[in-house]
Amino acid sequence: MTANESVSRSEQLTGDGGTDGLRKRISNVTSKLKSFSSWSHDVCNSSCIPSSCDVVMQFPKDAPTYIIKWLNYTISSLESSITIQVCKHESTGLTNLLCSASFHGLMKGAEELSLKKQLKQKYGGQLKDFFLEDAGMYQDVEDTELFFTSEERQHILLHLLNNIRLGDTEKVLSHVMLEGQPIIPKLVTSGVIQQIYPLHCLQDLKKLRKTWVFSFTSFQPLDEVKEYFGVRIGMYFAFLGEYTLFLTIPALIGVLIWLSSGSNQVQDDVYFVVFALLNVIWSTVFIELWKRKEAEYAFKWGTLDSQDDLITEPRPEYTGELMKSPVTGRLEPHYPRWKRNVFFYAVSLPVMVLCHCVILLVCFNFFTFYDFINCGISSGHLLFILKPLPNIFLAAAVMIMDKVYSWIAKWLNDKENYRNEEEYKNQLIIKLMVFQSVNSFLSLFYTAFYIQDFNRLKSQLAVLFIIRQMVGNMKESLVSFLIAKLKQDQGARGITTKNELLSKLKECVSSAPAHDDSHNVPPESESSDIKEESTNPQTDSGVSSHTLSSGKSFKTKLTQAESEGLLPQYDGTFEDYLEMIIQFGYVTWFSSVFPLAGFFALLNNVVEIRSDAFKICMSYQRPAGERVRNIGAWQVVLEVMSIGTIIVNTALIGISGPMQRLFPHLSNIHRLLLIVVVEHVVLAMKYIIRMAIAEVPEWVSVEMAKLEFSKREALRAVEMKS
């Protein structure tokens, strides 16, 4: 079936293919109820309000009310375990669906997701996939409030919402909804639904802020972080903590070398060579030990033996010709691989080459500027204080280009139109790593291997490394927090767009009559069935009311749902991992030249742990929890960076003065052969270390074997009874 045939099918179903047909369909649906007014009363009656809202579905201000009613009815009809309260917020003028699920619905969703829950002690006390028919075997299952954590409730509820499908092809506004297609993801990407976000549990969040964000002298409460934010974010902070702990080794060695260098040239040369080789060994040992620690966390958090889904839904943004899926038999978009390859070679690759040419141009201008400043200082025409200026210029240029190239990489990735979310993310990681690696390291490679000026390389690396980290932490914590508070403040004044901001400012200047919130309420015909949520002090976000000198009430209180809806969505750990990987490259590739690189990285990461925690707890919406076995493609990136550590460090040893001074009688050919031999010896050493350190600790393997044995025994017992 083609797209046109599908639209024609939807036109038959909706009457005329437009909103009039959809209105008739809504009328037919509601006529099956006692009356439309009684349906509206049931939705908004206090007895039907969920005791705790887990997920908020927000609509734009101009969203037609009949669409909200249709979606409300569709969700309630197709997934009866979901309870919805419709609220029109008087402060922002936005309409929200406040969603929660019954305990039985949560248990059903937990079984579909193979969520692991702890068994009672008499059944072994281990983590086991949840099965509804065996619910009595699980610890605390009698406590319907505490059996599922808030993160688990939201994860299950989002799963239930994202798997609601239409039985027939329909048209919602101008968007065709195919038979069997998930409704909610499609409506979000098409803009019918503005956003969906989980609500914070204020009690748990307050505890995390106290024990994690503002507790600078204690270890991270990783189990609590995982319980609140999910395994993916918990795994990132576990990685960040382990990486920071391991940085103490190169930091300590680097400080000792820095303190003892300068007195003896031979000693400095030995330090240089030894530290370069230690970087290689350290990077390999860290990666292998992290794999073990990662396996421990994954086992403890119940994701180590999780399997990839064989049946995956296409990304909502995925487009193509409608064809019947050979797996599900449903209509879904199909985009030929050859088209993606044509776009990659005809557009993506040339754009990436062009971006790298721009980086080369910036590097050329930097070195020209550097020589100009140095010549000016040497001749006395410029002040010595200007000497760091070229390096500061380079650091600023690198950070600006990072942002530009990130946008370009995402745009190219979107245009390449990948079907699966995992494939989309992996391809984006490749593009960003190519862009940012060249952007971050090209000038350093040029200085090290072409100019071969290690003093310039040291100062260049110091300024680039320190400024980039300082600005990054400021941007992540302070700037994002101020932006979030500004958005909430504007929301409290009824401002959610730039046009509204200008309107409010004109309103203040003109001293118009007292402000009336009625302009936020649509006409009676559109909004009479939508409940306005009153500003209850018990659900306030803490934004207080404010009155202008003219007596005009300009700022109102926000409910929790309103306040969090105004915050930006957390983009995930993508940028955080990328920042740490680039830092890993700085430390392992060039710290033999700049021994304090590990020390400054350690200082940065001690702050980074708390700044990232501050960012996620204070400045963003609560992210939806995800379950992962490991850090994914970033593990492969670390392995590649580790191999790069061998190549770069052996090359630095080969071209450096220490090699020439330690072996003055070697010719260039013999020196090159020696470096190749050293490189292969180090590669062999890396392989031996990798083989010697098991990726999964023995105790984890034993526990997993016990679980498998208990499963087989239970299955055998069931077969004997039958």
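Residues numbered from 1 in each chain as written. Predicted model: local features only at pLDDT ≥ 70, side-chain atom pairs only at ≥ 80, totals over all residues. Heavy atoms only, no water.

1. Regarding the overall build of the protein chain
Okay, step 1: The helix and strand inventory of the protein chain stands at 25 helices and 13 strands.
Okay, step 2: Considering only intrachain contacts with a sequence separation of at least 6, the fraction spanning at least 24 residues in the protein chain is 74%.
Okay, step 3: Of the accessible surface of the protein chain, which amounts to about 35400 Å², a share of 61% is contributed by carbon and sulfur atoms. (Helix = DSSP H or I, 4+ residues; strand = E, 2+ residues; numbered from the N terminus. Contact = heavy atoms within 4.5 Å. Areas by Shrake-Rupley, 256 points an atom, 1.4 Å probe, with all protein chains shown as cover.)

2. Structural notes on the pattern of salt bridges
Okay, step 1: For the coordinates displayed, the defined rule picks out 25 salt bridges.
Okay, step 2: The partner of Asp223 in a salt bridge is Lys300, with the nearest N and O atoms 3.4 Å apart. Of the two residues, Asp223 sits in helix α9 (residues 222-229) while Lys300 sits in helix α12 (residues 265-300), which places them 77 residues apart along the sequence.
Okay, step 3: Residue Lys300 is classed as partly exposed on the basis of its relative accessible area of 42%.
Okay, step 4: Put simply, Lys431 and Glu416 hold a salt bridge, and the shortest N to O gap is 2.9 Å. Taken together, the residues span a long stretch of sequence, with Lys431 in helix α15 (residues 421-451) and Glu416 in helix α14 (residues 389-416) at a distance of 15 residues.
Okay, step 5: Assessed through its relative accessible area of 3%, Lys431 is described here as buried.
Okay, step 6: Among the ionic contacts, a cluster of salt bridges with common partners joins Glu288, Lys291, Glu639, Lys686 and Glu695. (Salt bridge = Lys/Arg side-chain N within 4 Å of Asp/Glu carboxyl O. Buried < 20%, exposed > 50% of the residue type's maximum accessible area, 1.4 Å probe, protein only.)

3. Considering the nonpolar core
Okay, step 1: Counting 106 residues, the largest nonpolar core has Trp212, Phe229, Met433, Phe590 and Trp634 as the members making the most contacts within it.
Okay, step 2: With 41 residues, the next largest nonpolar core counts Met107, Tyr138, Val141 and Ile156 among its residues. (Core = buried A, V, L, I, M, F, W, Y, C linked by side-chain atoms within 4.5 Å.)

4. Digging into the packing of helix α4 (residues 65-78) against helix α7 (residues 183-190)
The relative placement of two packed helices is expressed as an angle between their axes plus a distance between the axes.
Okay, step 1: Put simply, α4 and α7 touch, their axes get as near as 12 Å, and they point 160° apart. Here α4 is positioned roughly antiparallel relative to α7, judged by the angle of their axes. Viewed along their axes, α4 and α7 form a crossing whose handedness is left-handed. Here α4 contributes Trp70, Leu71, Thr74, Ile75 and Leu78 to the contact with α7, which in turn contributes Ile183, Ile184 and Leu187.
Okay, step 2: Of the residues that constitute the contact of α4 with α7, the class distribution is seven nonpolar, one polar and no charged. (Axes fitted to C-alpha atoms, helices over the stretch in contact; angles between N-to-C directions. Parallel < 35°, antiparallel > 145°, perpendicular 65-115°, else oblique. Left-handed = near helix turned anticlockwise from the far one by under 90°. Nonpolar A, V, L, I, M, F, W, Y, C, P; charged D, E, K, R; others polar.)

5. Quick notes on helix α10 (residues 231-246)
Okay, step 1: The end-to-end C-alpha distance of α10 is 22 Å, a good match for the 22 Å that 16 residues give at a rise of 1.5 Å each.
Okay, step 2: The buried fraction of α10 is high, at 14 of 16 residues. (Expected span 1.5 Å × (residues − 1).)

6. Some points on the pairing of strand β2 (residues 82-89)
Within a regular strand, side chains alternate between the sheet's two faces.
Okay, step 1: Burial analysis of β2 places seven of its eight residues in the buried class, which makes it a mostly covered element.
Okay, step 2: Where β2 and strand β3 (residues 95-101) come together, seven bridges link them in antiparallel fashion. Among the inter-strand pairings, Lys88 is bridged to a residue of β3, identified as Thr95.
Okay, step 3: Hairpin connection, β2 to β3: the antiparallel pair is bridged by five residues, and Gly93 has positive phi, about 75°. (Pairing = 2+ DSSP bridges.)

7. Side note on the side chain of Glu152
Okay, step 1: Secondary-structure assignment places Glu152 in helix α6 (residues 150-162).
Okay, step 2: The class of Glu152 is buried, set by a relative accessible area of 6%.
Okay, step 3: One polar contact links Glu152 to Lys117, side chain to side chain, over a distance of 2.9 Å. (Polar contact = N/O pair within 3.5 Å; in protein donor to acceptor, adjacent residues only side chain to side chain.)

8. Considerations on the pairing of β3
Okay, step 1: Where burial is concerned, most of β3 is hidden: seven out of the seven residues are buried.
Okay, step 2: Residue alternation in β3 divides its side chains into two sets, Thr95, Leu97, Cys99 and Ala101 and Asn96, Leu98 and Ser100, and both sets are buried.
Okay, step 3: Pairing of strand β1 (residues 55-59) with β3, which is carried by five bridges, proceeds in the antiparallel orientation. Bridge pairing in β3 links Val55 to Cys99.

9. Notes on the packing of aromatic side chains
Okay, step 1: Counted under the stated rule, the structure contains 44 aromatic pairs.
Okay, step 2: Judged by centre distance (6.4 Å) and plane angle (55°), the rings of Trp212 and Phe229 are tilted. With Trp212 in helix α8 (residues 202-213) and Phe229 in helix α9, this pair connects stretches of sequence that are 17 residues apart. Each member of the pair, Trp212 as well as Phe229, is classed as buried.
Okay, step 3: Over the aromatic face of Phe147 sits the side chain of Lys117, whose NZ or CZ is 4.9 Å from the ring centroid.
Okay, step 4: When the ring centre of Tyr228 is taken as origin, the NZ or CZ atom of Arg622, which lies over that ring, is 3.7 Å away. (Phe/Tyr/Trp six-rings, centres within 6.5 Å; stacked < 30°, edge-to-face > 60°. Lys NZ or Arg CZ within 6 Å of the ring centre and 35° of its normal.)

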